[in-house]
Structure formats: structure tokens, C-alpha cells
Amino acid sequence: MTSGQAQRYDDPARPAPIPVPAALRRVAEAAKGFLPDDEADALYDAAWAMAPRGVVLEVGTYCGKSATFLGAAAKGRGGTVVTVDHHRGSEENQPGWEWHDPELVDPAVGVMDTLPFFRRTMHAAGLEDTVVAVVGRSTAVAAIWSTPLAMLFIDGGHAVEHCINDFAHWTPKVMPGGVLAIHDVFPDPADGGQAPYEHIYLPALDAGFTEVRQVGSLRVLVKPDR
Ligand code: SAH
Ligand code: MG
């Protein structure tokens, strides 16, 4: 099997990916974001397996840290990543909240804008031809999206409403045998917010997705073949 051929993510005989180029890892490290190294590696591995089969789509771009790993894998495999975000930040990123970063506020309009930071990250990573950014609300983009997804990574809004929407509107677009990766899954409330666990992860298992891998708060599931 050549590296260009499609493989199943859960095939035990699947060859390991070529390691993330060191230069790209440095770019990802320099980007603001919320993604530990071991979770980044697991995302890269899943995208490497799936990119030959179709589009890899991320909900929740922020400054492009995870998109760098997804993009590095897709580039290595001749694939494409689409990353969706309104770039205005989640509830917890707003001024006065725990995860606010004042550097991310656009002084001209006084609201958050992570798009320029994402653009710098993709430029530095040399991924501008591989990662396609869609700027808009997750629900608005899902409403006009019909291309089957080889891999879906959900890391968008963590409020209950957004998790319910992302599950309902995006997971049906994952192709049979495709991968669903979910970030910030915390079964124990002491570890973090419950919405991704309760409103994405558990419903995905109910819908027949099979969990294949767990790294930190990242869960990787596979959609049944039919
Ligand atoms: N994956 C990123 C982190 C994403 S943070 C990384 O690894 O660094 C979550 C992002 O989701 C924020 O940038 C926020 O703007 C976006 N977001 C939250 N709710 C959204 C919605 N309803 N539609 C589109 N994007 C949303
Ligand atoms: Mg996250």
C-alpha cells in the first residue's frame, strides 16, 4: 500500500504517519491555543489516516494551533482541511471571563478577532494552500455544507447550545467509516465543563459511533460502515 491510498483509521495494520515536521511543530507551539502535545499528535495521526479519503473539517479554528497539525497531515497526504469559526471567540473567551486574552481584541471594533492570528499561523506553517478557512457561525456553515467528511474535529463553542448544534448538524455529514474527534470531553465534572461530554460524546456513542482512542480530553470515534 502506498502512502497515497486510503486506509481505515481503526486498521491495526495501518502504517504510522511520517512524523510532524519539526518546523511545523514550532509554528504550532508559537500559536495561542488549547491543545497539549499528545492530543495534537493523536489528531495528526487521525488526519493522516483519513485525509486520502476526503475532507477533514474542524469546527473551532481559534488561532490555528490544531489546524496546523490537521493541515500538516493533510499536506503530507495531498488532502484538504476546512476549518470553521466566526472568529469572535467563545463565551469563555470574552472580556471578564476566564479564558480571555486581550491581545485578541480588534481595537477598531472592540470585539475579538482571531482571524489575523490564524492567518499568521497558516502563513508561517506554509499551509495556506492546504487549510481552507470558512468564517461564519457553525450552524450557518453546516446548513450549506453537503460534502461528506472523512474526518470531523469538533472543538467549537462549549456552551450546551453549541454542542447540541454541532452534534446535530455536523456529525451526520461524516462518511461511513469516517472519524469523529471531539475535544474537551470530561466525564468527571471536576476536570472541566460537561457539555462536550453530555451533548456530543454520549450522543455520538448512542448514534453508533465506536470509540477507538482516548488521549487526554480528546476522544476519537469511528462511524459505522453503514
Ligand atoms: N481548535 C482550536 C481551539 C478552538 S477554541 C485550537 O486547537 O487552538 C473554540 C473556537 O470556537 C473559538 O475560536 C470560537 O470563536 C469558536 N466558536 C465558538 N462558538 C462558535 C460557533 N457557534 N460557530 C463558529 N465558531 C464558534
Ligand atoms: Mg478545545
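Shown above is the structure to which this text applies.
Residues numbered from 1 in each chain as written. Chains lettered and ligands numbered in written order. Predicted model: local features only at pLDDT ≥ 70, side-chain atom pairs only at ≥ 80, totals over all residues. Heavy atoms only, no water.

Colleague: For this particular structure, what's the right way to read helix H4 (residues 115-125)?
Modeller: In an α-helix, one turn spans 3.6 residues, which is why side chains three or four residues apart end up on the same side. Considered for burial, the residues of H4 that qualify are Phe117, Phe118, Thr121, Met122 and Ala125. End-on, the buried residues of H4 take up no more than an arc of 135°, which puts them together on one face. Turned more than 90 degrees away from the buried face of H4, the exposed residues are Arg119, Arg120, His123 and Ala124. Those residues of H4 hidden inside the fold are in contact with helix H1 (22-30), helix H3 (65-76), strand S2 (81-85) and strand S5 (131-135). (Buried < 20%, exposed > 50% of the residue type's maximum accessible area, 1.4 Å probe, protein only. Helix = DSSP H or I, 4+ residues; strand = E, 2+ residues; numbered from the N terminus. Arc of directions from axis to C-beta. Contact = heavy atoms within 4.5 Å.)

Colleague: What am I meant to see in the packing of helix H6 (residues 160-170) against helix H7 (residues 195-206) here?
Modeller: In a pair of packed helices, the angle between the axes and the distance between the axes together describe the arrangement. H7 packs onto H6 with a crossing angle of 20° between their chain directions and a minimal axis gap of 8 Å. In terms of their interaxial angle, H6 and H7 are classed as roughly parallel. Crossing geometry of H6 relative to H7 is assigned as right-handed. Across from Val160, Cys163, Ile164 and Phe167 in H6, the residues of H7 making contact are Ala195, Pro196, His199, Ile200, Pro203 and Ala204. Here the contact of H6 with H7 is composed, by residue class, of 9 nonpolar, 1 polar and no charged. (Axes fitted to C-alpha atoms, helices over the stretch in contact; angles between N-to-C directions. Parallel < 35°, antiparallel > 145°, perpendicular 65-115°, else oblique. Left-handed = near helix turned anticlockwise from the far one by under 90°. Nonpolar A, V, L, I, M, F, W, Y, C, P; charged D, E, K, R; others polar.)

Colleague: Would you mind going over the layout of surface pockets with me for this structure?
Modeller: Where empty space is left can be seen by rolling a probe of water-molecule size over the atoms. Here the largest pocket defines a volume of roughly 870 Å³. If you trace the largest pocket, you find 43 residues lining it, with Ser90, Glu92, Asp155, Gly156 and Gly157 closest to the centre. Elements represented by at least two residues in the lining of the largest pocket include exactly H3, S2, helix H5 (138-143), H6 and H7. Sort the elements by how many residues they give to the lining of the largest pocket and H6 lands first, with 4 residues. (1 Å grid on protein atoms, 1.4 Å probe; cavity = no way out; pocket = protein on both sides within 12 Å on 5 of 7 lines; lining within 4 Å. Points joined across faces, edges and corners; volume = space filled by probe spheres on them.)

Colleague: Got a minute to help me understand the coordination of the magnesium ion (ligand 2) in this structure?
Modeller: A metal bound by six donors in octahedral fashion has ideal angles of 90 or 180 degrees, whereas one bound by four tetrahedral donors has an ideal angle of 109.5 degrees. The magnesium ion (ligand 2) binds to the protein through Asp155 (OD), His183 (ND1) and Asp184 (OD), with metal-donor distances spanning 2.0 to 2.2 Å. Expressed as a motif, the donor residue spacing for the magnesium ion (ligand 2) is D-x27-H-D. With a gap of 28 residues between them, aspartate 155 in the loop between strand S6 (149-154) and H6 and histidine 183 in the loop between strand S7 (174-182) and H7 connect regions that are remote in the sequence. Residue class for aspartate 155 comes out buried when judged on its relative accessible area of 16%. (Donors = N, O, S within 2.8 Å, 3.2 Å for Na, K, Ca; no water.)

Colleague: It is not clear to me how the environment of alanine 190 should be interpreted in this structure. Could you clarify?
Modeller: Inspection of the secondary structure puts alanine 190 in the loop between S7 and H7. On the basis of relative accessible area, alanine 190 is assigned to the exposed category, the value being 69%. Distance from alanine 190 to glutamate 103, taken between C-alpha atoms, is 29 Å for residues 87 residues apart in sequence.

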